[in-house]
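Fold and geometry: a report
Listed here are the chains, written in short residue letters.
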Amino acid sequence: MNLLHVTGDSMKDILRAVALITLPAIGILLTCGEVLLRFGGYTPYYYDAYAYVPSQNPEILYELRPGFRGLYAGVPISINSQGFRGREVLIPSGNRPFRVLTIGDSITFGQGVLDDETMAEQLRTRLQGRTELPVDVVNLGVPGYNTCQELSIYRDRGVQLAHDVVLLFYYENDTEPPIFAIDNGVVVSPDVRTGFLGEIAAWARKRDVVYNLVWTRWQNLKQRFGTGRNNLQHIADKFDEKNAGWQRSKACLADLISLAKTQSVRVMVVPFPVVGFLSERPYPLDRYIRTVCEAAVTRGSECFNVVPMLQEPGLRPTVSSVEDHPSAQVYERIVKQLATLLKPNG
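Quick look at the structure, then. What you see is a predicted model; the values in this text were computed from it and never measured. (Residues numbered from 1 in each chain as written. Predicted model: local features only at pLDDT ≥ 70, side-chain atom pairs only at ≥ 80, totals over all residues. Heavy atoms only, no water.)

Looking now at the packing of helix 4 (residues 147-158) against helix 8 (residues 244-262). Pairs of packed helices are described in terms of their axes, by the angle between the two and the distance that separates them. Two elements in contact, helix 4 and helix 8, have axes whose closest approach is 8 Å; the angle formed by their N-to-C orientations is 20°. By the angle class used here, helix 4 and helix 8 are roughly parallel. The way helix 4 lies across helix 8 gives a crossing that is left-handed. Listed contacts from helix 8 to Thr147, Cys148, Glu150, Leu151, Tyr154 and Arg155 of helix 4 are Arg248, Ser249, Cys252, Leu253, Asp255, Leu256, Leu259 and Ala260. Taken together, the residues of the contact of helix 4 with helix 8 break down into eight nonpolar, two polar and four charged. (Axes fitted to C-alpha atoms, helices over the stretch in contact; angles between N-to-C directions. Helix = DSSP H or I, 4+ residues; strand = E, 2+ residues; numbered from the N terminus. Parallel < 35°, antiparallel > 145°, perpendicular 65-115°, else oblique. Left-handed = near helix turned anticlockwise from the far one by under 90°. Contact = heavy atoms within 4.5 Å. Nonpolar A, V, L, I, M, F, W, Y, C, P; charged D, E, K, R; others polar.)

Right, dumping it as structure tokens:
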């Protein structure tokens, strides 16, 4: 009995000694990591829920917060007073500007790139260099939107802006339901916990760079786990005519094109490729591109296949190893051709 009693007390002493040594050591390591990352210029990566507000239209679900300024996906972004990314909508004192509306999801929004690197802003700059008319390109892109949300935002917010061209950037996940949800008046993504623990985790992602680094790499690993040939087949299957998601997306695409046509507006659909497969020849998701183009052209829209130009050498396809959205260089190549196709008269 005494031996057991002594052994138990000894074990407690050992554990206490280990704790007294290791916990301060871990604290010192974390503090050093925090200091090194901050002085090394590490930028926290997170999706700021405050960038969104619930929409009054249940079909839209959520919108960008007017006037938001802050970090989103590792870069500073600005939302104008009307709830669109970038500069204020141009209201000239003279002639109406040649105006293009870009519609889509996080790709159109420009996730991971600066305000002046988005497709909308790069296109505005190039078009303005080709004409003496005032040019305005309004970015209606919102991360997570599908085709039906894009139709609704165009109907509610875009039609009222006198415009000449609608550019719809279609992506393969447009066939799916919205990935964001509303919880107690807050827009949340599937990887974010709600409630008290969720609030603590959100705070830590913004304030603690060590935690942010670990969390970001973990999310990145989870996202990449399902990529490869299985993911390739999954994407291809979305555009089977038997898929209800594709049928719903196609119907909303048709309605958006029809609505733009009633405004005597030129419509161009751009099926955006999955950039992770651009290095493969031939492009393995060509069926997805062709299917979307056929649906668009059937309804009277133009369709622009950007895959060939993005398969030319010398292109950095993604923003970074963490952010797998297209890089500013990808947008630059596309915009260069679009500016030629959309050159205004005057």
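Moving on from the coordinates now.
The next subject is the state of the cysteines. Tallied over the full model, the rule gives two disulfides. Each sulfur of the disulfide joining Cys148 and Cys252 lies 2.0 Å from the other. Disulfide Cys148-Cys252: the torsion about the S-S bond is 90°, which places it as right-handed. Taken as a pair, Cys148 in helix 4 and Cys252 in helix 8 lie far apart in primary sequence, 104 residues in all. Two residues share a disulfide in this structure: Cys293 and Cys303, whose sulfurs sit 2.0 Å from each other. (Disulfide = S-S within 2.5 Å.)

Now for helix 9 (residues 286-298). Its 13 residues give helix 9 an end-to-end C-alpha distance of 18 Å, which sits within 8% of 18 Å, the value for a rise of 1.5 Å per residue. Listed in full, the buried residues belonging to helix 9 are Tyr288, Ile289, Thr291, Val292, Cys293, Ala295 and Ala296. Of the surrounding secondary structure, the elements contacted by the buried residues of helix 9 are strand 7 (165-170), helix 8, strand 10 (266-271), strand 11 (302-303) and helix 10 (307-310). Within two residues after helix 9, Gly300 carries a phi angle of roughly 100°, on the positive side. (Expected span 1.5 Å × (residues − 1). Buried < 20%, exposed > 50% of the residue type's maximum accessible area, 1.4 Å probe, protein only.)

Within the element layout of this structure, Thr291 appears in helix 9. Within the local environment of Thr291, its side chain forms a polar contact with the backbone oxygen of Arg287, the two atoms lying 2.7 Å apart. With residues up to four places along the chain from it excluded, the contact list for Thr291 reads Phe239, Glu241 and Trp246. (Polar contact = N/O pair within 3.5 Å; in protein donor to acceptor, adjacent residues only side chain to side chain.)

Turning our eyes to something else, we now look at the packing of helix 3 (residues 119-128) against helix 11 (residues 328-341). Where helix 3 contacts helix 11, the two axes come as close as 9 Å, and the packing angle between them is 40°. As far as their axial angle goes, helix 11 and helix 3 are oblique. Along this stretch, helix 3 crosses helix 11, giving a crossing that reads as right-handed. Together, Met119, Gln122, Leu123, Arg126 and Leu127 of helix 3 and Ala328, Tyr331, Glu332, Ile334, Val335, Lys336, Leu338 and Ala339 of helix 11 make up the contact between the two elements.

Per the counting criterion, the structure on display carries 12 salt bridges. Measuring nitrogen to oxygen at the nearest pair gives 2.9 Å for the salt bridge that ties Arg124 to Glu121. One end of the pair is Arg124 and the other is Glu121, both in helix 3 and three residues apart, which spans about a single turn. Take Arg124 and Glu121: they sit in the same class, and that class is buried. Residues joined in a network through salt bridges with shared partners are Arg87, Glu121 and Arg124. (Salt bridge = Lys/Arg side-chain N within 4 Å of Asp/Glu carboxyl O.)

A word on the sheet that holds strand 5 (residues 98-103). Taken in spatial order, the five strands line up as 6-5-7-10-11 in an open sheet, and their pairing is parallel. A single partner strand is all that each edge strand has here, and the edge strands are strand 6 (135-139) and strand 11. Judged from the five bridges that link them, strand 5 and strand 6 form a sheet pairing that is parallel. Following the sheet pairing, Leu101 is matched in strand 6 by Val138. Of the strands in this sheet, strand 7 and strand 10 touch helix 8, which is tilted by about 170° from strand 7. Lying over the sheet, helix 9 contacts strand 7, strand 10 and strand 11, oriented at roughly 165° with respect to strand 10. (Pairing = 2+ DSSP bridges.)

The final tally for this structure, using the stated rule, is 13 aromatic pairs. Relative to Phe68, the ring of Tyr50 has its centre 6.3 Å away and its plane inclined at 55°; by these criteria the two rings are tilted. Linking Tyr50 in the loop between helix 1 (2-39) and strand 1 (52-54) with Phe68 in the loop between strand 2 (62-64) and strand 3 (69-72), this pair joins segments that are 18 residues apart in sequence. Relative to Tyr145, the ring of Tyr62 lies with its centre 5.3 Å away and its plane at 65°, an arrangement referred to as edge-to-face. Separated by 83 residues along the polypeptide, Tyr62 in strand 2 and Tyr145 in the loop between strand 6 and helix 4 bring together distant segments of the chain. What makes Tyr62 buried here is its relative accessible area of 0%. By relative accessible area, which is 2% here, Tyr145 ends up buried. Here a set of aromatic residues connected by ring pairs shows up, and it is made of Tyr47, Tyr52, Tyr62, Tyr72, Phe109, Tyr145 and Phe180. A cation over an aromatic ring shows up here: Arg65 above the ring of Tyr50, its NZ or CZ 3.8 Å from the ring centre. (Phe/Tyr/Trp six-rings, centres within 6.5 Å; stacked < 30°, edge-to-face > 60°. Lys NZ or Arg CZ within 6 Å of the ring centre and 35° of its normal.)

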